[in-house]
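Chain residues, written in single-letter form:
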Amino acid sequence: MQAEDLLRRTLVTTDEYLLCDQRIQLYSEAVHRLRKGHYDLDVPTAPADEIGRLGQALCDLAHALEARDREQHVLDQITTRMNSGLLLDEILETIYRDFREAIPYNRIGLAFIEDDRQTARSYWAKSDQPVLRIAKNYTGRLAGSSLTTIVDTGQPRILNDLLEYLAKKPGSASTSLIVAEGMRSSLTCPLIFDGITTGFIFFSSTQPNTYADLHVDIFKRIAQQLAMIVEKGRLASEITAQKTAIEKQNEELRRLDQLKNTFLGVAAHDLRSPIGTIQMAARLLIDSSRRLAPEDQQSVLEDIVRQTHHVLTLLDNLLNVAQIEAGKLQIERAPVELSRLLDETVRRHSNLAAPKGTRIRLETVPTGQGMADSLRLRQMLDNLISNAVKYSPPGSLVTVSAQRLQSGWQVNVEDEGPGITAEDQERVFQDFTRLSAKPTAGERSTGLGLAVTRRLVEAHGGQIGVDSEPGRGSRFWFTLPDDIAEKKNARAVEEAIGS
């Protein structure tokens, strides 16, 4: 019996030895597979002895390495897209779309440190929730905030319960806004480039404790990779923006050069004729060998006045356009009694329109003031009234009127001319526009008067327009704010600032 028991124990020990030897052999083969990147291990983990626990550790290691490789694969994909020339916004959209394989989230935000490292400004944010309260350009002071700890340590920060954190720090405005968006936990990773923290990337979840079981080393590795991606994307975006700005500036320079050439052409062409007429009239008056009758002298003098008025109007319009294009147009608004200014303007133009037999009538103007630069307002009226006289048939009527609006004034100049086609109405306020309708008494038109008027009206904060049908005349109008509306706006601004 003793011999049989000894033999049985020997056989059991031998079997255990052989079993142990087989597991160790399988574990050795599994290690070789892991080295080659194969994570689908099929190794025994039973019985739960020391060697069995070694097998379980190998399986856990395989899962961890597979997860890490998956995370790195996602980062490599993003890096590849970035190196293909994607701009920062495109990179961030790619991160939002692809990063869930590495980190769970419902929201991602990006902020940069600015203002000599005094503030953090939100650059981008995206969420699958309906509310987004911290969007682009939201700013917060860096000093005294919890972000300074992240900057100082370079370590990610995990908040497992945002409601609990907000209860402890009720003064945190950004946390209040994130909670209002529906977020309940957050992960903040510093973006460190060349040893300097340049910003933060925020991952947020609608569930608490989303990031509690994830290892901080994963976040540090991801943040390091993202810092390089974001910084390169930011640089690419800045270069693209500078290129766009340069192209826009070059286009503007080409436009201004073309405008300059047009100015010179207009000046050379349109000034030559009236100046020649004035010169000829002056020679006629001083020629002692010719004695003109009083009525002939009067006609020559009136012609000199008309030609001089045309030259001055042309020069004023050219100078106005040049000032506007150079950004040097100054509008000094003050209360203006419209009835008085309109009456003076209509009287002056009535004298100029008299030789054509055109009458200019001013309808009764309501009492009140408008806010305007009186000099520029006269120019606006001069252009509209002279334009109406120019295109009206001899003996017709031009009507000037003004009416109060709820928030200001509207001034109207109506003529009995040929009207304006729908096609011409679309470009009537553009520079150097020549309409299909022609002046009715051979007057000259540079195509600048209405364009200058439009700019002056818009500089006053008003609008300009035309109502016309071919064969039925035209009504040009523009709006101006009055002193009451201006005071209401000022009070509203003061109240908004005070609140």
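Here, the structure is the one placed above.
Residues numbered from 1 in each chain as written. Predicted model: local features only at pLDDT ≥ 70, side-chain atom pairs only at ≥ 80, totals over all residues. Heavy atoms only, no water.

## A closer look at the overall build of the chain
Point 1. Helix and strand content of the chain: 13 helices and 13 strands.
Point 2. Contacts spanning at least 24 positions in sequence make up 66% of the contacts within the chain whose residues lie at least 6 apart.
Point 3. Carbon and sulfur atoms form 52% of the exposed surface of the chain, whose accessible area is close to 28,400 Å². (Helix = DSSP H or I, 4+ residues; strand = E, 2+ residues; numbered from the N terminus. Contact = heavy atoms within 4.5 Å. Areas by Shrake-Rupley, 256 points an atom, 1.4 Å probe, with all protein chains shown as cover.)

## Re the nonpolar core
Point 1. One finds Ile 360, Leu 377, Phe 476 and Phe 478 to be the most contacted residues of the largest nonpolar core, which totals 34 residues.
Point 2. Where this core is concerned, the elements lending two or more residues are helix H9 (338-353), helix H10 (374-391), strand S10 (397-405), strand S11 (408-414), helix H12 (449-459), strand S12 (464-468) and strand S13 (474-481).
Point 3. With 7 residues, the single largest contributor to this core is H10.
Point 4. Every residue in contact with Ile 360, bar those within four places of it in the chain, is listed here: Val 346, His 349, Ser 350, Ala 353, Ile 385, Val 389, Val 398 and Val 400.
Point 5. Within the second largest apolar cluster, 24 residues are counted, among which are Ile 103, Leu 191, Ala 227 and Val 230. (Core = buried A, V, L, I, M, F, W, Y, C linked by side-chain atoms within 4.5 Å. Buried < 20%, exposed > 50% of the residue type's maximum accessible area, 1.4 Å probe, protein only.)

## Regarding the packing of H10 against H12
Point 1. Running from N to C, H10 and H12 point in directions that differ by 145 degrees, and their axes come no closer than 9 Å. Where H10 crosses over H12, the two elements pack in a sense that is left-handed. Contacts between H10 and H12 pair Arg 376, Gln 379, Met 380, Asn 383, Leu 384 and Asn 387 from the former with Gly 449, Leu 450, Val 452, Thr 453, Leu 456 and Val 457 from the latter.
Point 2. Taken together, the residues that form the contact of H10 with H12 break down as 6 nonpolar, 5 polar and 1 charged. (Axes fitted to C-alpha atoms, helices over the stretch in contact; angles between N-to-C directions. Left-handed = near helix turned anticlockwise from the far one by under 90°. Nonpolar A, V, L, I, M, F, W, Y, C, P; charged D, E, K, R; others polar.)

## Looking at the packing of aromatic side chains
Point 1. A complete count under the given rule lists 6 aromatic pairs for this structure.
Point 2. Judged by centre distance (6.5 Å) and plane angle (70 degrees), the rings of Tyr 96 and Trp 124 are edge-to-face. Here Trp 124 lies in strand S2 (residues 119-127) and Tyr 96 lies in helix H3 (residues 88-98), a separation of 28 residues in the sequence. Accessibility assignment for this pair places Tyr 96 and Trp 124 in one class, buried.
Point 3. Aromatic side chains Phe 429 and Phe 476 sit 6.1 Å apart centroid to centroid with 85 degrees between the ring planes, which places their arrangement in the edge-to-face category. One end of the pair, Phe 429, is in the loop between helix H11 (422-425) and H12; the other, Phe 476, is in strand S13, and 47 residues separate them in sequence.
Point 4. Ring pairing ties together the aromatic residues Tyr 96, Tyr 105, Trp 124 and Phe 203, which thus form one cluster. (Phe/Tyr/Trp six-rings, centres within 6.5 Å; stacked < 30°, edge-to-face > 60°.)

## So, the pattern of salt bridges
Point 1. Here the structure, examined in full by the defined rule, presents 15 salt bridges.
Point 2. Notably, a salt bridge pairs Asp 382 with Arg 348, separated by 3.2 Å at the nearest N-O pair. Placement of Asp 382 in helix H10 and of Arg 348 in helix H9 is noted, with a sequence separation of 34 residues between them.
Point 3. Linking Arg 472 and Glu 469 is a salt bridge whose minimum nitrogen-to-oxygen distance equals 3.8 Å.
Point 4. For Arg 472, a relative accessible area of 68% gives the class exposed. (Salt bridge = Lys/Arg side-chain N within 4 Å of Asp/Glu carboxyl O.)

## Regarding the environment of Glu 164
Point 1. Looking at the secondary structure, you find Glu 164 in helix H5 (residues 162-168).
Point 2. Separated by 20 residues in the primary sequence, Glu 164 and Arg 184 place their C-alpha atoms 9.3 Å from one another.

In short, shape yes, function no, at least from these values alone.
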